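Take a look at the letters that make up each chain.
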Amino acid sequence: PTLTVDISGDHTALTFFDSGDMIMQRNVDFGLDQIIDIVARERWVSNERADELLRTSEIISEDLPPTAAIAEPLFFSIDMIRRTMAYYTRNRGMAPVEQVLLMGDAVCYQGLRELLEAQLSVPVTSLTNLRGVSVPRSGALHEQAMRFLDNYGAVIAPVGFLSQDQGQYPRWITITNW
């Protein structure tokens, strides 16, 4: 069993997989925007500069003091992930999660992977490379490309939704099988 944690700007998507099949998905009302805002306020910098600091310096670490301004939202979100993992195993009768894959913009934030691993007690891997997708080596382009992980996944392995009756949709909507 694997859990993917996609932390983006305004939310976190938790997706549970077992033997390659998606079992459950939950969205958590937490995103990196909250952390960026706190760092910007605490350091008196712009949001862009706060984002850069989170990517280049270890503001987040596995020994983050509970009194740090960013600790409350981070630990709240980690607690939500932990509770969702418990629900997955207890209420759904599934085997415990054996690995966590960190995705989205969060993979670029120094120390976040280590904090998750320490708090969740499960190996956490940052998903920075995608098989079947070629991304330019430039750091800026690579970071921009990682923001579109969901889109790449849809192209590489589409779900395959097909309309039973295309007549039920307006003419300008075309549903095709990729």
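Residues numbered from 1 in each chain as written. Predicted model: local features only at pLDDT ≥ 70, side-chain atom pairs only at ≥ 80, totals over all residues. Heavy atoms only, no water.

**Structural notes on the overall build of the chain**
Operational definition: A run of DSSP states H or I qualifies as a helix once it reaches four residues; a run of E qualifies as a strand once it reaches two. Both are numbered from the N-terminal end. Buried, partly exposed and exposed residues are distinguished by accessible area as a fraction of the type maximum, computed with a 1.4 Å probe on protein chains only: under 20%, between the cut-offs, and over 50%, respectively. Between two residues, a contact is recorded if the distance between any of their heavy atoms is within 4.5 Å.
Each helix and strand counted, the chain has six helices and five strands in total. For the chain, the N- to C-terminal ordering of α and β elements is β-β-β-α-α-α-β-α-β-α-α. When each of the 178 residues of the chain is scored for burial, the buried share is 37%. Within the chain, counting contacts between residues at least 6 apart in sequence, those at least 24 apart form 51% of the total.

**Concerning the packing of helix H3 (residues 71–90) against helix H4 (residues 112–120)**
Threshold: Interaxial angle, 0 to 180 degrees, is taken between N-to-C directions of lines fitted to C-alpha atoms, where a helix line uses only the stretch in contact. Comment on the angle field: the value is read as roughly parallel under 35 degrees, roughly antiparallel over 145, roughly perpendicular from 65 to 115, and oblique elsewhere. Take the far helix as the reference: if the near one is turned anticlockwise from it by less than a right angle, the crossing is left-handed, and if turned clockwise, right-handed. Any residue that is not Ala, Val, Leu, Ile, Met, Phe, Trp, Tyr, Cys, Pro, Asp, Glu, Lys or Arg is counted as polar, Gly included; the first ten are nonpolar and the last four charged.
It is the contact of H3 with H4, at a shortest axis distance of 11 Å, that shows an interaxial angle of 50°. By the angle between their axes, H3 is oblique relative to H4. Of the two elements, H3 crosses H4, and the hand of that crossing is right-handed. Where H3 abuts H4, its residues Leu 74, Phe 75, Ile 78, Ile 81, Arg 82 and Met 85 lie against Leu 112, Leu 115, Leu 116, Gln 119 and Leu 120. The residue makeup of the contact of H3 with H4, split by class, is nine nonpolar, one polar and one charged.

**Examining the confidence of the model for the chain**
Condition: A residue's pLDDT is the confidence the predictor assigns to it, expressed on a 0 to 100 scale.
Mean pLDDT over the chain stands at 79; residues scoring 70 or higher make up 72%. Between residues 169–178, whose pLDDT stays under 50, and residues either more than four places distant or in other chains, the model counts ten contacts.

**What to know about the side chain of Thr 12**
The line we're drawing: Each polar contact in these results corresponds to two N or O atoms within 3.5 Å; when the atoms are within protein, one needs to be able to donate a hydrogen and the other to accept it, and residues that are neighboring in sequence are counted only if both atoms are side-chain atoms.
Considering the arrangement of structural elements, one finds Thr 12 in strand E2 (residues 12–18). Overall, Thr 12 belongs to the buried group, its relative accessible area being 2%. At 2.8 Å, the side chain of Thr 12 and the backbone oxygen of Phe 30 are in polar contact. Dropping the residues within four chain positions of it, Thr 12 is found in contact with Val 5, Asp 6, Ile 7, Arg 26, Asn 27, Val 28 and Phe 30.

**Digging into a negative patch on the surface**
Stated formally: Surface patches are defined over residues having more than 30% relative accessible area and no salt bridge, joining like charges when they lie within 9 Å and nonpolar side chains (Val, Leu, Ile, Met, Phe, Trp, Tyr) when within 5 Å. Accessibility throughout is a Shrake-Rupley quantity obtained with a 1.4 Å probe, and a residue counts as covered only by protein chains that appear here. Salt bridges are defined by distance alone: a side-chain nitrogen of Lys or Arg within 4 Å of a carboxyl oxygen of Asp or Glu. Charge counting treats Lys and Arg as positive and Asp and Glu as negative, with His and both chain ends excluded. In plain terms, the charge of a residue is placed at NZ if it is Lys, CZ if Arg, CG if Asp and CD if Glu.
Where like charges cluster on the molecular surface, the negative patch consists of Asp 10, Asp 29, Asp 33 and Asp 37. The topology assignment puts Asp 29 in the loop between strand E3 (21–28) and helix H1 (32–43). The class of Asp 29 is exposed, set by a relative accessible area of 67%.

**Let's talk about the nonpolar core**
The following threshold applies: Buried residues of nine kinds, namely Ala, Val, Leu, Ile, Met, Phe, Trp, Tyr and Cys, make up a nonpolar core once their side-chain atoms join them within 4.5 Å.
Counting 40 residues, the largest nonpolar core has Leu 3, Ile 70 and Leu 74 as its most contacted members. Broken down by secondary-structure element, the contributors of at least two residues to this core are strand E1 (2–7), E2, E3, H1, helix H2 (47–56), H3, strand E4 (99–103) and H4. Excluding anything up to four places from it in sequence, Leu 74 contacts Phe 30, Ile 35, Ile 60, Leu 64, Leu 112 and Leu 115.

**What about the environment of Arg 113?**
Along the chain, Arg 113 turns up in helix H4. Taking the C-alpha atoms as reference points, Arg 113 and Pro 123, separated by ten residues in sequence, lie 9.4 Å from one another. Those residues in contact with Arg 113 that sit more than four places away from it in its chain are Leu 102, Val 124, Thr 125 and Ser 126. Side-chain polar atoms of Arg 113 contact the backbone oxygen of Val 124, separated by 3.0 Å.

**Observations concerning the sheet that holds E3**
Quick reminder of the rule: Here, strands pair whenever DSSP counts at least two bridges between them.
Across the sheet, five strands lie side by side as E3-E2-E1-E4-E5; this open sheet has mixed pairing. Of all strands in the sheet, those with a lone pairing partner are E3 and strand E5 (124–126), marking the two edges. In this sheet, neighbouring strand axes are inclined to one another by 20° on average, regardless of whether the strands run parallel or antiparallel. As paired elements, E2 and E3 share seven bridges and run antiparallel to each other. Bridging from a neighbouring strand, Phe 17 pairs with Met 22 of E3.

**Comments concerning the pattern of salt bridges**
Considering all chains together, one arrives at six salt bridges under this definition. Asp 51 is the partner of Arg 55 in a salt bridge, and the nearest nitrogen-oxygen pair spans 2.9 Å. Residue Arg 55 and its partner Asp 51 are both found in helix H2; the two are separated by four residues, about one turn of the helix. Across the pair, exposure class does not vary: Arg 55 and Asp 51 are buried alike. Arg 83 is paired through a salt bridge with Asp 79; the nearest N and O atoms lie 4.0 Å apart. Linking Arg 83 with Asp 79, this pair stays in helix H3, spanning four residues, or about one helical turn. What you see here is one network of salt bridges that share partners, running through Asp 79, Arg 82 and Arg 83.

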